[in-house]
Amino acid sequence: MAPLPYRVTETQEEAPGVVTISISPLGTAIPAHRHGQFNMLTAFGLGESAISLSGSGPEGKLVHTVRDVGPVTSALCGARPGDVVGVRGPFGTGWGVEDGSFLEEGDVVVVAGGIGLAPLRGAISALVARRSAALEARTRSGNVCLVIGAREPQQLIFGDDLARWAAGGARVTVTVDIPDARWRGGVGLVTSHLGAAGFEVEGATALICGPEIMMRFTARGLVDAGVAPERIRVALERNMQCGLAWCGHCQLGPLLVCRDGPVVPYTDVVADLLVQRER
Amino acid sequence: MHREEVVEGSPGGGARFAPGDAALVAPEGLDEMLAALARLGYETSGPTVRGGAVVPGPVASIEDLPAGWHDEQSPGRYRLEHGEDGSLFSWAVGPGSFKPELFPPVHELWQARRDGEGRVEFVAGRGSSRSKKRAFFGARPCELAALSVLDRVLVDCATPDPFYEGVRRGAVLVVAECGAPASTCFCTSMGGGPEAVAGFDLALTELTDGDHRFLVRVGSALGAEVLTLVTTRPVTAADVAAREAVTERARSAMDGRFDAAGLAELLAGNIEHPRWQEVSERCLACGNCTLVCPTCFCSDVRDTTDLSGTVHRTRSWASCFDRDHSYLHGGPVRVSVASRYRQWLTHKLSSWWDQFGTSGCVGCGRCITWCPVGIDMRAEAAAVCSPASPARHDRLAQPEPRRPTGADVPAGAEEKEALP
């Protein structure tokens, strides 16, 4: 249960209170992760928080995007290059994009709200790369359609990635709830932009991550549009204190989110869990 | 001495034993058994009377056991009374289970020291140093059932809990079968019973008809080794019959106290039932039920820093009745007591099946006895699984049908219902 020490190599502020930290192992590295999994990050002396992986690199480099919502995440957001953090993981289920059948059977629509884009970042990059490769090889490939929402323009994260994904052939729709004078993108909730996302319903797969209410309405909207529920995946969130399915904090009805999630198919059970209060 | 009708597989005094064997042991034989455990290097915990309750504590001889003590339990009530009969196991269960031996209430996982360069050195926590060679003496069959439930949570998972697993694998389990269940006991409704069936090293049944003696059954090679060090005599058919009478009396006292058939599905389908709100008006959210429960496994993981700068990571028992148990950035998910009571009860009887393939309740009744306001979870579960409210019940021509699976209905249930 002891974390492995990693050194912070780079930090970047994405939005007010949201920082991406890159870390590299001081000794042993954690095993390779799948897109959508999470780590438990320790800020020594303060505690541990579950943070999704938003990327990786050579020599065991890991990338996490952290929102400052408490003492541990505040320390992680304030980390400087050279600081040591602890890492345990990777834990939980992923989006499944490592499965080669993604994009072969149809379009992939990715809907993210706010910081919900962080756990999707690696998956989107992998999907865009696979589509580019397929186009180059002139093999069949679905489209990658992104609907990215944020409350305000300054809270949008990964601006460079959005441009890179668009350049790589992804259809990118960006929307904010509260536009400012310079905003030229969409306005309103992500659910009101699903129709304009440009995906073919037949054979579509959807990956959704954001606040529970956003996932609930997005999944429902996609089902109403004709997307098969079993082809919709949502990322759940609950208090996580161990990542090992020991501590019981991440229970959500029949699920232990750290073990059975965070990414789960949008089954009837999950649809109910997203509707029922205080689960 | 019973000389005639010696039962097969009952080698008698000074003999060697094998799993499946049985022997008779006098009360003084239990002293030899405890001494044998100590000689084999085991730290033995067993039933002791402390603070007006039977709780696990260190036992070295039968002097430490609750001789003559009887418990009386009902929702919100526990009383010990002393009789003159000298029986050692004429009580049901006390508030303490053996869970803390394997899953300590507070357990330091590790310490970490940082040098000036920011390097971190990890040291094993203080919690890991205690001997893992333990004997659990006088554990009830429901304790055994509770351990197999905890095994599924903490051992049969991707990363087993090394402390729990270490103690569990090394432990000697000497079970005391039940002859005096309390009114709160309902193990027979949860798939258990007063008899130890499997997973024990030795199983004792206290016999008080005629001379005070114990029928000891051997469940493992280790149990056989221990029993070899004890003075025994052969078991007769009369002893076997006496044991059956004890456990049968206990079983029939408990049978029919709780109908758990189909409960998992019914509870999962009644998440919005008004009874959750009603019970929350009585529930104090004190967490007593989760503290006495032998299967509750929730824990908090906290880091603290001492004055020298050393970081300590500690795991301590947590309760789903705490507001912060479900804390997510911004606040707890389960704010209302109704939602927390619902979480606890549906987890025990329903979602535990989804998560671990077993019930989370073994029917020991501790949560009923030790609830300060006497909430009986059996009544709450039954109410949630019945039609929504009396008013609604009246409006309907017929009550909503229950959906028992049928497979869970005990044989003979129909005959019992037909009796006047």
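Model, not experiment: these values are computed from the prediction.

**Points about the overall build of chain A**
So, step 1. Regarding its fold elements, chain A presents six helices and 15 strands.
So, step 2. Expected size for 279 residues packed as a compact globule is a radius of gyration near 19 Å; at 18 Å, chain A falls within 12% of this value.
So, step 3. Over its C-alpha atoms, taken along the principal directions, chain A stretches across nearly 50 × 40 × 40 Å.
So, step 4. Taking all 279 residues of chain A together, the buried fraction comes to 55%.
So, step 5. Considering only intrachain contacts with a sequence separation of at least 6, the fraction spanning at least 24 residues in chain A is 68%.
So, step 6. Of the roughly 11,200 Å² of accessible surface on chain A, 51% is carried by carbon and sulfur atoms.

**Considerations on the pattern of salt bridges**
Pairing between side chains becomes possible if they bear opposite charge and their charged atoms approach one another.
So, step 1. Tallying each qualifying case throughout the model produces 28 salt bridges over all chains.
So, step 2. Residues Arg238 of chain A and Glu212 of chain A are paired through a salt bridge, measuring 2.7 Å at the closest nitrogen-oxygen approach. Taken together, the positions of Arg238 of chain A in the loop between strand S12 (232-235) and strand S13 (251-252) and Glu212 of chain A in helix H4 (residues 212-225) put the pair 26 residues apart, joining distant regions of the chain.
So, step 3. The class for Arg238 of chain A is buried, based on a relative accessible area of 5%.
So, step 4. Given the relative accessible area of 28%, Glu212 of chain A is considered partly exposed.
So, step 5. Across the pair Glu72 of chain B and Arg77 of chain B runs a salt bridge, and its minimum N-O distance is 2.9 Å.

**Side note on the sheet that holds strand S6 (residues 84-91) of chain A**
Working definition: the strands of a sheet are paired by backbone hydrogen bonds and lie parallel or antiparallel to each other.
So, step 1. The strand order around the closed barrel formed by six strands is S1-S2-S5-S4-S3-S6 (chain A), and the pairing between neighbours is antiparallel. Taken over all neighbouring pairs, the strand axes of this sheet differ in orientation by 45° on average, direction set aside.

**Points about the packing of aromatic side chains**
So, step 1. Counted according to the given criterion, the structure contains 17 aromatic pairs over all chains.
So, step 2. When the ring of Phe186 of chain B is compared with that of Phe258 of chain B, the centres are 5.3 Å apart and the planes differ by 80°; the resulting orientation is edge-to-face. Placement of the pair is Phe186 of chain B in the loop between strand S9 (172-176) and strand S10 (202-207) and Phe258 of chain B in the loop between helix H6 (237-254) and helix H7 (263-268), with a sequence separation of 72 residues. This pair shows no difference in class: Phe186 of chain B is buried, exactly as Phe258 of chain B is.
So, step 3. Pairwise contacts between aromatic rings join Phe89, Trp91, Phe137 and Phe214 of chain B into one cluster.
So, step 4. The positively charged end of Arg121 of chain A is found above the aromatic ring belonging to Phe158 of chain A, 4.6 Å away from the centroid.
So, step 5. The ring of Trp317 of chain B carries the charged tip of Lys99 of chain B above its face, separated from the ring centre by 4.4 Å.

**Brief notes about the side chain of Asn39 of chain A**
All names here are of chain A.
So, step 1. The topology assignment puts Asn39 in strand S3 (residues 38-43).
So, step 2. A polar atom in the side chain of Asn39 sits 3.1 Å from the side chain of His64.
So, step 3. In this view, Asn39 contacts Ile30, Ser49, Ala50, Ile51, Leu53, Leu62, His64, Val87, Arg88, Gly89 and Pro90; residues no more than four positions away in its chain are not counted.

**Quick notes on the sheet that holds strand S2 (residues 43-50) of chain B**
All names here are of chain B.
So, step 1. Read from one edge to the other, the open sheet built from seven strands follows the order S1-S11-S10-S9-S8-S2-S3, with strand pairing classed as mixed. Each edge of the sheet is formed by a strand with only one pairing partner; in this case those strands are strand S1 (22-25) and strand S3 (53-58). Strand-to-strand twist of the sheet, defined as the mean angle between neighbouring strand axes without regard to direction, takes the value 25°.
So, step 2. When S9 meets S10, the two strands line up parallel, connected through three bridges.

**Section: the interface of chain A and chain B**
So, step 1. Across the contact, 35 residues belong to chain A and 47 residues belong to chain B.
So, step 2. Carbon and sulfur atoms supply 52% of the area that chain A and chain B bury against each other, a total of about 3,400 Å² over both sides.
So, step 3. Taken together, chain A and chain B are joined by one salt bridge.
So, step 4. Across the pair Glu48 of chain A and Arg313 of chain B runs a salt bridge whose closest N-O atoms are separated by 3.0 Å.
So, step 5. In this structure, the connection of chain A to chain B is made through 22 residue pairs in polar contact (both at pLDDT 80 or more).
So, step 6. By residue class, the composition of the side of chain A that touches chain B is 15 nonpolar, ten polar and ten charged.

**Examining the domain arrangement of chain A**
Residue and element names in this part refer to chain A.
So, step 1. Here chain A is partitioned into domain 1 (4-90) and domain 2 (108-275).
So, step 2. One C-alpha centre belongs to domain 1, the other to domain 2, and the line joining them spans 22 Å.
So, step 3. Taken together, the 18 residues of domain 1 in the interface contact 20 residues of domain 2.
So, step 4. Linking domain 1 to domain 2 there are zero salt bridges.

**Let's talk about the side chain of His33 of chain A**
So, step 1. Here His33 of chain A lies in the loop between strand S2 (18-25) and S3.
So, step 2. Look past the residues within four positions of His33 of chain A in its chain and what remains in contact with it is Leu53, Gly55, Ser56, Leu62 and Pro90 of chain A.

**Some thoughts on empty space enclosed by the protein**
Residues and elements named next belong to chain B.
So, step 1. Enumeration over the complete set of coordinates arrives at seven cavities of 30 Å³ or more.
So, step 2. Here the largest cavity defines a volume of roughly 150 Å³.
So, step 3. Looking at the lining of the largest cavity, the elements that each hand over two or more residues are helix H9 (288-292), helix H10 (337-356) and helix H11 (366-369).
So, step 4. Looking at side-chain class alone, the lining of the largest cavity contains 16 nonpolar, two polar and no charged residues.

**Looking at the environment of Gly188 of chain A**
Residues and elements named next belong to chain A.
So, step 1. For Gly188, the location among the structural elements is in the loop between strand S10 (186-187) and strand S11 (205-209).
So, step 2. Considered as a pair, Gly188 and Gly17 are 171 residues apart in the sequence and their alpha carbons are 23 Å apart.
So, step 3. In this structure Gly188 touches Thr175, Val176, Asp177 and His193, once residues within four positions along its chain are discounted.

Each value, and the rule that gives it
Residues numbered from 1 in each chain as written. Chains lettered and ligands numbered in written order. Predicted model: local features only at pLDDT ≥ 70, side-chain atom pairs only at ≥ 80, totals over all residues. Heavy atoms only, no water. Helix = DSSP H or I, 4+ residues; strand = E, 2+ residues; numbered from the N terminus. Rg over C-alpha atoms; globule rule 2.2 N^0.38 Å. Buried < 20%, exposed > 50% of the residue type's maximum accessible area, 1.4 Å probe, protein only. Contact = heavy atoms within 4.5 Å. Areas by Shrake-Rupley, 256 points an atom, 1.4 Å probe, with all protein chains shown as cover. Salt bridge = Lys/Arg side-chain N within 4 Å of Asp/Glu carboxyl O. Pairing = 2+ DSSP bridges. Axes fitted to C-alpha atoms, helices over the stretch in contact; angles between N-to-C directions. Phe/Tyr/Trp six-rings, centres within 6.5 Å; stacked < 30°, edge-to-face > 60°. Lys NZ or Arg CZ within 6 Å of the ring centre and 35° of its normal. Polar contact = N/O pair within 3.5 Å; in protein donor to acceptor, adjacent residues only side chain to side chain. Buried area = accessible area lost by both parts, 1.4 Å probe. Nonpolar A, V, L, I, M, F, W, Y, C, P; charged D, E, K, R; others polar. Domains from an automatic or database assignment. 1 Å grid on protein atoms, 1.4 Å probe; cavity = no way out; pocket = protein on both sides within 12 Å on 5 of 7 lines; lining within 4 Å. Points joined across faces, edges and corners; volume = space filled by probe spheres on them.

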